[in-house]
Amino acid sequence: MARASKSQTFSAPMRRHASDDHTVFTFLDERARRRPSETVMERRREVGGWRQVSGQQLLREVDECARGLLGLGLKTGDRMAIMSVTRPEWTILDIAALSIGVVVVPIYESDSLSQIEWITKKTQPLLAVSDTRAREQLLRHGTDASVRHILCLEGGGMRTISQAGLAVSAEDLEQVRAQVKADDIATVIFTSGTTGNPKGVVLTHRNFVETVYAVHEMLPQIALSPKTRFLLFLPLAHVLARFVQIAILSGRGVFAHTSDTRNLMGDLESFQPSLLLLVPRVLEKVYNSAEAKAGKGKKRQVFHWAARSAISFSRALETKLGPSAAQRRQLAWAQRLVLNKIRKALGPNLRYIISGGAPLSPTLGHFFRGLGYEVVEGWGLSETTGPMTLGRLGEVIIGSVGQVLPGNEVQVNAEGEILVRGNAVFQGYFADPEATAEVVDEDGWFNTGDLGRFDRKGNLFITGRSKDLIVTAGGKNVSPAALEETLVTHPLISHVVVVGDQRPYVGALITLDAEMLPTWLANHDLPAMDPARAAQEPRVLESLDKAIKRSNRNVARAESIRRFRIINAEFTVDNGYLTPSLKLKRAAVAKDFAHEIDALYAEGEAQKG
């Protein structure tokens, strides 16, 4: 490890490196040969339960698909687009394409026609695959003549690919695979950016392989264990979900797919994962749902007591002496009365929760660790092949995103901006050298746009995004994420957007959680009402006001939220206010709800007058 005078730089050496012939496909190939009958994947049965798929069986399906891609005329360096929800065929198509050097271009299932046009015009894929007829039509309208084949999984797309491979021999396939190298491009992932057109992040096989080896070193208990069971429900178009699937494939764990998160709790119950990879929003929903189910009166009070007990115990784990005997006894009672019910809902095998994609509220982190789970936060971007930092089991500091992955360097410069370089860092933006030059300097440091700090032990803490910083009229710099993450556990809040740029003080726009609202109203002996009417209900306003006042205790007065306004809106991926990874598009909200922001401050001036 090393430190610079005006900045902090932490690096970590790496024990194992990829050979020039090691590709993403090598992980499956080696596993299938070493343990051909060991289960690698499970597929949902048509009538309940899961069907085991061995390494040898998965390799056979991948080989068949790869021959089909060659039969359709694709060759090394060509590009293939996939627009589909998370499902086994996504994985088979992906690994098959990568095995023959075809570059995979994911398209989010929620992408609009204009986004599809932008991505396909940039990359010129020869083959585009959709999962549904509706998305097939989007691809047909959003692509030009450069796309030779558009296939739909619902319309027998995998059969078409298989039939095309009948004329391609196993020898032909192996000959092509032998030419694919670690430094070849594996994928172009278009960032779900919060502003502007997405940029295509170019990642090589070496980026993935070296990062997988780094995770082996950081989290061997998960990455290499035959007891690891991983249910994949985040979109495979996102680099994090795709990377973790590859990491599980590289070890001895088992993964499965679920495409409908509306049945997530049922899938968790039947599949019984040992590992959850999720964005903080999912944990917020689990916590809020548990609080709502607790009911009202004394039962509600007992839930809050149990939650405080779990949080207190977890915080004590980070002290020199650890939890006291009284804290241990209190947690044991909390588990018997409340917490074990939540554990039961998440399944008997669950041990690890990995959170990424956005800041995790420390309160939530402590709550779930207090439940008995190993909570690991990570941080990274599409440009870093997913994780750049991870917490080490047994050394996790809640609120930190962990330490630098082996083979990489992370620097926090004098301005507080985070720069990275190393094995995980991308090769540049596809066909856009100007955009690459804006963020990567001559020494190879990539400016992530995130702000952060290190502690003395090399744990990184994310403090915000440089482009999201609010500068009030008084000149105070405010990071909105720090304020927002303290409010997300309130059951009434769906989203909170801190505002105040060039305004006299900090304010907030709040959207109500329509799903949680009926239960909250019933628990508070209030009649049923829609979100618009609830926004005028005095007890709703009072509850939100109390939550904001509690949040304000953690910041200086100039950074505190002085006023809030409930807006009758819902922020979703479909309406363009969230990215597919559920990050808020602040610029879109600020533009479309400018009248609400103006009204918030106008009301404040009127009351002051």
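Residues numbered from 1 in each chain as written. Predicted model: local features only at pLDDT ≥ 70, side-chain atom pairs only at ≥ 80, totals over all residues. Heavy atoms only, no water.

Next up on the list: the overall build of the chain. Along the chain, the regular secondary structure elements total 22 helices and 25 strands. Since a compact globule built from 609 residues should have a radius of gyration of about 25 Å, the 25 Å found for the chain is in line with a globular shape. In terms of overall dimensions, the chain has a C-alpha envelope of 80 × 55 × 50 Å along the principal axes. With 609 residues in all, the chain has 57% of them scored as buried. Sequence separation of at least 24 residues holds for 66% of the intrachain contacts in the chain that already meet a minimum separation of 6. Of the roughly 26,300 Å² of accessible surface on the chain, a fraction of 49% belongs to carbon and sulfur atoms. Within the chain, the 67 negative side-chain charges are centred at a point lying 8 Å from the centre of the 75 positive side-chain charges. (Helix = DSSP H or I, 4+ residues; strand = E, 2+ residues; numbered from the N terminus. Rg over C-alpha atoms; globule rule 2.2 N^0.38 Å. Buried < 20%, exposed > 50% of the residue type's maximum accessible area, 1.4 Å probe, protein only. Contact = heavy atoms within 4.5 Å. Areas by Shrake-Rupley, 256 points an atom, 1.4 Å probe, with all protein chains shown as cover. Lys, Arg positive; Asp, Glu negative; His and termini not counted. Charge placed at Lys NZ, Arg CZ, Asp CG, Glu CD.)

Let us now look at a nonpolar patch on the surface. A cluster of nonpolar side chains, namely V302, W333 and L337, defines an oily patch on the protein surface of about 290 Å² accessible area. Relative to the elements of secondary structure, V302 occurs in helix α13 (residues 297-316). A residue is classified by how much of its surface remains accessible, and V302, at 34% relative accessible area, is partly exposed. (Patch = residues over 30% accessible without salt bridge, like charges linked within 9 Å, V, L, I, M, F, W, Y side chains within 5 Å. Salt bridge = Lys/Arg side-chain N within 4 Å of Asp/Glu carboxyl O.)

Considering every residue of the chain, the mean pLDDT works out to 92; 98% of them sit at 70 or more. Note on residues 1-5: pLDDT is under 50 here. Beyond four places in sequence and across chains, it has 11 contacts. (pLDDT = per-residue confidence, 0-100.)

Here we come to the environment of G73. Within the secondary structure, G73 sits in the loop between α2 (55-71) and β4 (79-83). Looking at G73, the relative accessible area reads 32%, which means it is partly exposed. C-alpha of G73 to C-alpha of A164: the two residues are 91 residues apart in sequence and 9.2 Å apart in space. When residues no more than four places from it in sequence are discounted, the contact partners of G73 are D78 and R148.

Next up on the list: helix α12 (residues 280-293). Its 14 residues place the ends of α12 20 Å apart at the C-alpha level, agreeing with the 20 Å of an ideal helix rising 1.5 Å per residue. Among the 14 residues of α12, 11 are classified as buried, and the element is accordingly described as predominantly covered. All of the buried residues along α12 are P280, R281, V282, L283, E284, V286, Y287, N288, A290, E291 and A292. Just past α12, the residue G295 takes up positive phi, approximately 90°. (Expected span 1.5 Å × (residues − 1).)

What follows deals with the sheet that holds strand β24 (residues 506-512). The sheet built from 3 strands is open, its strands ordered β23-β24-β25 with mixed pairing. Two strands close off the open sheet at either side, each with one partner strand: β23 (493-499) and β25 (561-566). Between one strand axis and the next, the sheet turns by 25° as a mean value, whatever way the strands run. Both β24 and β25 contribute to a ladder of 5 bridges, which runs parallel. The residue bridging A508 from the neighbouring strand is F564, located in β25. In the packing of helix α20 (residues 538-552) onto the sheet, contacts are made with β23, β24 and β25, and the angle to β25 comes to roughly 145°. (Pairing = 2+ DSSP bridges. Axes fitted to C-alpha atoms, helices over the stretch in contact; angles between N-to-C directions.)

Of note, the phi angle at T385 is positive, near 60°, even though the residue is not glycine. With relative accessibility at 0%, the residue T385 sits in the buried group. Despite not being glycine, A431 has its phi angle at roughly 50°, a positive value. With respect to the helices and strands, the residue A431 is situated in the loop between β18 (417-422) and α16 (433-439).

What follows concerns the pattern of salt bridges. According to the stated counting rule, one finds 39 salt bridges in the structure shown. Linking D183 and R206 is a salt bridge whose minimum nitrogen-to-oxygen distance equals 2.6 Å. Taken together, the positions of D183 in the loop between α7 (170-177) and β8 (185-190) and R206 in helix α8 (residues 205-218) put the pair 23 residues apart, joining distant regions of the chain. Notably, a salt bridge pairs E603 with R563, separated by 3.3 Å at the nearest N-O pair. Here R563 lies in strand β25 and E603 lies in helix α22 (residues 594-608), a separation of 40 residues in the sequence. A relative accessible area of 31% places E603 in the partly exposed class.

Take the sheet that holds strand β1 (residues 8-12) next. Two orientations exist for strands paired in a sheet by backbone hydrogen bonds: parallel and antiparallel. With antiparallel pairing, the 5 strands of this open sheet are ordered in space as β1-β17-β18-β19-β20. Lying at the two open borders of the sheet, with one neighbouring strand each, are β1 and β20 (460-465). Each adjacent strand pair in this sheet contributes to an overall mean axis angle of 40°, direction not counted. Across 5 bridges, strand β19 (residues 446-454) lies against β20 in antiparallel orientation. Bridge pairing in β20 links R453 to F461.

With that settled, consider the pairing of strand β6 (residues 127-130). Of the two faces of β6, the one holding L127 and V129 and the one holding A128 and S130 are both buried throughout. Bridging between β4 and β6 involves 4 bridges; their strand directions are parallel. When the bridges of β6 are listed, I82 appears paired with V129. The pairing of β6 with strand β7 (residues 149-152) spans 4 bridges and is parallel. Residue pairing in the sheet places L127 in a bridge with H149 of β7. Where the polypeptide runs from β6 across helix α5 (residues 133-142) and back to β7, its parallel neighbour, the crossover connection is right-handed. (Right-handed = clockwise from strand over helix to strand, strands pointing away.)

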